[in-house]
Amino acid sequence: MSDIIELIDSDHRRIRRLLGSLSDSAHQPGTPRHALGLWGRANELIALHMAVEDEIWYAALYQDRQRFQATLADCGADHEDIREVLAEVSLQTGCSREW
């Protein structure tokens, strides 16, 4: 179990680093291609990470089905909020003020 926890924590750190790099590069002139590349990687990693958490991690963590459903509902709401933000950002022009 500790291996999966370390993997999830590692993903969280990697996502934070990518988003930090994205934030830094998005505000520097002349780097839109780099920022868009970082965004693509971050977006894919976040989506994959949430899918693994939803489909594998929570199911393994909570063998008790009722407890699992309650936890999944809470986390699912958080993940749905994140999915909405990712979709909204993806609709913006890369490196624009709105983006």
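Conventions adopted
- Residues numbered from 1 in each chain as written.
- Predicted model: local features only at pLDDT ≥ 70, side-chain atom pairs only at ≥ 80, totals over all residues.
- Heavy atoms only, no water.
- Helix = DSSP H or I, 4+ residues; strand = E, 2+ residues; numbered from the N terminus.
- Buried < 20%, exposed > 50% of the residue type's maximum accessible area, 1.4 Å probe, protein only.
- Contact = heavy atoms within 4.5 Å.
- Patch = residues over 30% accessible without salt bridge, like charges linked within 9 Å, V, L, I, M, F, W, Y side chains within 5 Å.
- Areas by Shrake-Rupley, 256 points an atom, 1.4 Å probe, with all protein chains shown as cover.
- Salt bridge = Lys/Arg side-chain N within 4 Å of Asp/Glu carboxyl O.
- Lys, Arg positive; Asp, Glu negative; His and termini not counted.
- Charge placed at Lys NZ, Arg CZ, Asp CG, Glu CD.
- Core = buried A, V, L, I, M, F, W, Y, C linked by side-chain atoms within 4.5 Å.
- pLDDT = per-residue confidence, 0-100.

Chemist: Looking at this structure, how should I read the overall build of the protein?
Modeler: What the protein contains, in helices and strands, is three helices and zero strands. When the helices and strands of the protein are read in sequence order from the N terminus, they spell out α-α-α. Each of the 99 residues in the protein was classed as buried or not, and the buried ones make up 26%. For the protein, restricting intrachain contacts to residue pairs at least 6 apart in sequence, the fraction spanning at least 24 positions comes to 60%.

Chemist: What should I look at first to understand a negative patch on the surface in this one?
Modeler: Taken together, the side chains of Asp-78, Glu-80, Asp-81, Glu-84 and Glu-88 present a region of like negative charge at the surface. Considering the arrangement of structural elements, one finds Glu-80 in helix H3 (residues 65-91).

Chemist: Whenever I open this one, the pattern of salt bridges confuses me. Can you help?
Modeler: When charged atoms on two side chains of opposite charge get close, those side chains can pair. Under the defined criterion, the tally for this structure stands at one salt bridge. For Glu-6, the salt bridge goes to Arg-13, with nearest N and O atoms at 2.7 Å.

Chemist: So what exactly am I meant to see when it comes to the environment of Ala-47 here?
Modeler: In this structure, Ala-47 sits in helix H2 (residues 32-61). Take Ala-47: its relative accessible area is 37%, and that puts it in the partly exposed class. Measuring from C-alpha to C-alpha, the distance between Ala-47 and Leu-86 comes to 8.8 Å, with 39 residues separating the pair along the chain.

Chemist: Would you explain the nonpolar core in this entry?
Modeler: Most often, soluble globular proteins have nonpolar side chains that are buried together. Grouped together as the largest cluster of nonpolar side chains are eleven residues: Ile-15, Leu-18, Leu-22, Ala-35, Leu-38, Trp-39, Ala-42, Leu-45, Ile-46, Met-50 and Leu-86. When residues of this core are traced back to their parent elements, those giving at least two are helix H1 (2-26) and H2. If one sorts the elements of this core by residue count, H2 sits on top with seven residues. In this structure, Ile-46 is in contact with Ile-15, Leu-19, Ile-82 and Leu-86, ignoring residues within four places of it in sequence.

Chemist: Just to check I follow, could you spell out the environment of Gly-20 for this structure?
Modeler: Mapped onto the fold, Gly-20 is located in helix H1. Each C-alpha atom of the pair Gly-20 and Leu-38 lies 9.8 Å from the other, and the pair is 18 residues apart in sequence.

Chemist: What is the right way to read the confidence of the model for the protein from this model?
Modeler: Do not read the fine detail of predicted coordinates wherever pLDDT is low. When pLDDT is averaged along the protein, the result is 79; 72% of the residues meet or exceed 70. Confidence, read as mean pLDDT per element, is least for H3 in the protein (77) and greatest for H1 (85).

Chemist: So what exactly am I meant to see when it comes to the side chain of His-49 here?
Modeler: Note on placement: His-49 falls in helix H2. Apart from residues lying up to four places away in sequence, His-49 is in contact with Ile-8, Asp-11, His-12 and Ile-15.

Chemist: I tried to follow the side chain of His-79 on my own but got confused; where do I start?
Modeler: Structurally, His-79 is set in helix H3. Sequence-distant contacts of His-79, that is, excluding residues within four places in its chain, are made with Met-50, Glu-53, Asp-54 and Tyr-58.

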